[in-house]
2 protein chains.
Amino acid sequence: MSPARELHLGVNVLSDGMHPAAWRHPAADPLWFTDPAYWIDLAKTAERGTLDALFLADSPSLFQKPNEPLGAPPLALDPIVLLSTLASVTTRLGLIGTVSTSFEEPYNVARRFASLDHLSRGRVAWNVVTSSDPYAWNNFGRAGEAAGQPGRHQRYRRAAEFVDVVRALWDSWDDDAVLADKATGAFGRIGSVNTIDHRGEYFAVDGPLTLPRSPQGHPVLFQAGGSAGGLDLAARYADGVFAAQASLPDAVRYADDLRARTLAHGRPRDAVRIMPGLSFVLGSTEEEAQRRNRELNELSGDGRLAHLAGQLSVDVSELKWDEPLPAWLLDGAESAGGSQGARDIVVNLARREHLTVRQLLDRVITWHRLVVGSPERLADAIEEWFVAGAVDGFNLMPDVFPSGLELFVDHVVPILRDRGLFRREYTHTTLRGHLGLPRVPDRRGDLAKSALLSG
Amino acid sequence: MSPARELHLGVNVLSDGMHPAAWRHPAADPLWFTDPAYWIDLAKTAERGTLDALFLADSPSLFQKPNEPLGAPPLALDPIVLLSTLASVTTRLGLIGTVSTSFEEPYNVARRFASLDHLSRGRVAWNVVTSSDPYAWNNFGRAGEAAGQPGRHQRYRRAAEFVDVVRALWDSWDDDAVLADKATGAFGRIGSVNTIDHRGEYFAVDGPLTLPRSPQGHPVLFQAGGSAGGLDLAARYADGVFAAQASLPDAVRYADDLRARTLAHGRPRDAVRIMPGLSFVLGSTEEEAQRRNRELNELSGDGRLAHLAGQLSVDVSELKWDEPLPAWLLDGAESAGGSQGARDIVVNLARREHLTVRQLLDRVITWHRLVVGSPERLADAIEEWFVAGAVDGFNLMPDVFPSGLELFVDHVVPILRDRGLFRREYTHTTLRGHLGLPRVPDRRGDLAKSALLSG
């Protein structure tokens, strides 16, 4: 491990928090989720903690059956709108937004991220997803077309072409395309703004984009899917992955797999920052943390059980708090290396460590690692996986906002700093800088590199 | 005219300014167009002047032939991203963004504007366009489909259905849908968040939207097209129009036409705020203004002539500075009342007032009224059309940013205030409030109103 290896921390803001009962906690305000003041405060807290970025997950639907009563604050606000609002009230924090390749046009996505990269002076990332949420597909139908979503393979084919188009558009202006010579009246440099003339399986896009290359060259690309298609997309393109692992062996296996694939695509083995989700219930002491955890679990009652049942596609009556998972689930073959489906992650963990349902639910929230305890315990949990080389950092998923994030920034960040694991202040102005990634050169840089490689 | 009638002023920010040579003016910085500090300063200047709104025109293309050298700063930044960035650094200014119905999905557009209405606390408007820019269409092709754009009729059919879907989505949550009862755990009120189940000619959208109704009920709707299809869309839906008139008789005729159509659609005659573009070259004195105008015209040279030739679809050799327009153009039939095409507007003006090309270009920039002169002259020009009842206000198009806007706010706004024509401070917090428009009630309000009308 290189001594220069740096820990990276993002915060994944899911409305009122990761715990299913977050909005009911005394410290939460269930009306916050559309309030600009709430979001601005959160972003400033994250920036105070010198976190790499604020991450917004997304799906363009309520993610539930039609006309089912709302159980909790939804992922309400459009991520790009929200991140753009936060861009002008922060100066260093990275801004990562999820946008699906299934419901958008590549020209619009390329333009929006490039615009926000300019307006944030280089702090933007696009988290590329293909959307498996069936309710989202029902919001983007065409009259006369069959309803429903295409298979994963087809979604990822479209995603790969979509990303190709977006990257070509980001490169449609050379870095020095704007001449702006007042004396002669020559605004653009001749030959420096070019069409892309893309003709593919899904899209036909002429280009060029409407605006100059952005501060980062390309906005950072994140990827979040654990399927083979998602891993391949990550290995080919991504600068970072928002992975999901519930145990260190799984995390090590995932990292080895992704790094091998990255290498196979001709990129450096460590080109992709691996940042799985890390959920936590924190107190300033162990006792406080345990009390907070009990309060939240009591508020959600059997809600966590129902949630797990849904994730495993079993009836809730098959799950007993103090018994193992049903034998037929545990007896299923352990999933192959690359698969990181939500079901496999928890079943693998329960099988390997012989956990009861209660013990399992103390270890994961949905498919993300859960840590309950003191600031020291959480710092240890972060250090363990980082030092083992399984991760480059974590995407933090506090139980309840804003207090969970405030506790982390005030109590865990200082410990990580004292251990020499985390920055004391920002040393860069762009998200690429925070992540230790270079600015992407323009097409002439790529041409120069190609010439070098083939020469 | 009601004594309560209020003047409304927006500012249309077109990169470095409306004048073709704006970016070459000594006071302009041609690199500003992607700089957040520039845009934030402009928005704050507009808010200092208690303007109703900042308006962003848009087309998702460079609006020129492929690989033609760039002549001036383009409309570079995505309007929604830019307005979202400005939302958190302003508190009263309305934010109007142009988005085409031809290149987007209604679910995404509904969600973005509702999100920004929340984050701006009720200051957002959508300017609905259908995009006649042929270069934009080439950025949104589908492999295997014929290239090129559909006819205007088809574009407006899609636009009408698009707006219907967006409005239905904005109404998919009742105003009191969020119960957020921590004690019982009931987050949403049963029956208050509903699908829309739209099945139309173009779209199939289930809904509901991902978020509660926004502060304005519906974001404000603007419309900018002068064709019959555009006028009909405006009369049916719009709260405001960004019209284009070069002379008072044309403006009166347009207003009469639009108000009759609005009435025919069962809406109050004055339901739509009419705000044509008003371009100006201003100085603190008449002499300063004339000097600034000469400087700009000298910088653009024959550029204005070429621009007019393009607009009229004639060869530039057919236009002579000190002669009238070619006779065959002037001999064409005067266009029918509703048509406000770019060509008709300038030909009608030249014919009616017997103008040479030079005189014509002193009266219009593209198809918008141009005023050159002192603050008093500009205030007079505003008052004349407003008092004649032809307009509710103007969408200001300064020659050069930021100085043109600063001159307006510092020198013209005080005159309009002293004449009792314009607000001294904001008296509302939402754009609907500034424009004198009520909040749109939720579907139960509409049901109650329907019951009342039919009862």
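Residues numbered from 1 in each chain as written. Chains lettered and ligands numbered in written order. Predicted model: local features only at pLDDT ≥ 70, side-chain atom pairs only at ≥ 80, totals over all residues. Heavy atoms only, no water.

Each copy superposes on the other: chain B lies on chain A with an RMSD of 0.0 Å after a rotation of 180 degrees and an axial shift of 0.0 Å. Expressed as an axis order, the relation between the two copies is that of a two-fold axis. In terms of C-alpha distance to the rotation axis, chain B has threonine 85 of chain B as its closest residue, with the C-alpha 2.3 Å off the axis. When the interface residues of chain B are mapped onto chain A, 100% of them again fall at the interface, so both copies present the same face. (Least-squares fit on C-alpha atoms with pLDDT ≥ 70 in both. Contact = heavy atoms within 4.5 Å.)

Further remarks concern the sheet that holds strand 5 (residues 141–142) of chain B. Through backbone hydrogen bonds, the strands of a sheet pair up, either in parallel or in antiparallel fashion. Within the open sheet, the three strands sit side by side as 8(A)-9(A)-5(B). Their pairing is antiparallel. Each having just a single partner strand, strand 8 (198–199) of chain A together with strand 5 of chain B make up the two edges of the open sheet. Pairing analysis gives two bridges linking strand 9 (residues 203–205) of chain A to strand 5 of chain B, with the strands arranged antiparallel. In the sheet register, phenylalanine 203 of chain A faces strand 5 of chain B, and the bridge partner there is arginine 142 of chain B. In the packing of helix 5 (residues 152–170) of chain A onto the sheet, the strands contacted are strand 8 and strand 9 of chain A, and the crossing angle to strand 9 of chain A comes to about 5 degrees. (Pairing = 2+ DSSP bridges. Helix = DSSP H or I, 4+ residues; strand = E, 2+ residues; numbered from the N terminus. Axes fitted to C-alpha atoms, helices over the stretch in contact; angles between N-to-C directions.)

Here we take up the UniProt feature "binding site: FMN" (unreviewed entry) in chain A. What UniProt calls "binding site: FMN" (unreviewed entry) maps, in this numbering, to Asp58, Thr98, Tyr156 and Ser227 of chain A. Its place among the elements puts aspartate 58 of chain A in the loop between strand 2 (53–56) and helix 2 (79–87). Other than its neighbours up to four places away in sequence, aspartate 58 of chain A contacts Leu75, Leu77, Pro79 and Thr98 of chain A together with Arg111 of chain B. A distance of 2.6 Å separates the side chain of aspartate 58 of chain A from the side chain of arginine 111 of chain B, its partner in a polar contact. Secondary-structure assignment places serine 227 of chain A in the loop between strand 10 (220–223) and helix 6 (228–237). Non-local contacts of serine 227 of chain A, meaning those with residues more than four positions away in its chain, are made with Arg152 and Tyr156 of chain A. (UniProt positions renumbered as here; feature names shortened; annotations may be inferred. Polar contact = N/O pair within 3.5 Å; in protein donor to acceptor, adjacent residues only side chain to side chain.)

Our focus in this paragraph is the interface of chain B and chain A. Listed by partner, the interface residues are 84 residues for chain B and 84 residues for chain A. Taken over both partners, the interface formed by chain B and chain A buries close to 6,800 Å², and the fraction arising from carbon and sulfur atoms is 58%. Looking only at chain B, the three residues that lose the most surface to chain A are Leu119, Lys182 and Phe187 of chain B, adding up to 12% of its buried area. At the surface where chain B touches chain A, the tally comes to 10 salt bridges. The interface formed by chain B and chain A contains 43 residue pairs in polar contact (both at pLDDT 80 or more). Of all elements in the fold, only helix 1 (36–48), helix 2 (79–87), helix 3 (106–119), strand 5, strand 6 (178–181), strand 7 (186–188) and strand 9 (203–205) of chain B reach the threshold of two or more residues within the side of chain B that touches chain A. (Buried area = accessible area lost by both parts, 1.4 Å probe. Salt bridge = Lys/Arg side-chain N within 4 Å of Asp/Glu carboxyl O.)

For the rest of this paragraph, the subject is the pattern of salt bridges. If you walk through the whole model with that rule in mind, you get 64 salt bridges over all chains. Residue arginine 259 of chain A pairs with aspartate 392 of chain A through a salt bridge whose shortest N-O separation is 3.8 Å. Remark: aspartate 392 of chain A occurs in the loop between helix 13 (375–387) and strand 16 (393–398) and arginine 259 of chain A occurs in helix 7 (residues 248–264); sequence separation between them is 133 residues. One exposure class covers both arginine 259 of chain A and aspartate 392 of chain A, and it is buried. Here aspartate 442 of chain A makes a salt bridge to arginine 444 of chain A, at a shortest N to O gap of 2.6 Å. Looking at aspartate 442 of chain A, the relative accessible area reads 5%, which means it is buried. Connected via shared salt-bridge partners are Asp78, Glu104 and Arg112 of chain A together with Asp78, Glu104 and Arg112 of chain B. (Buried < 20%, exposed > 50% of the residue type's maximum accessible area, 1.4 Å probe, protein only.)

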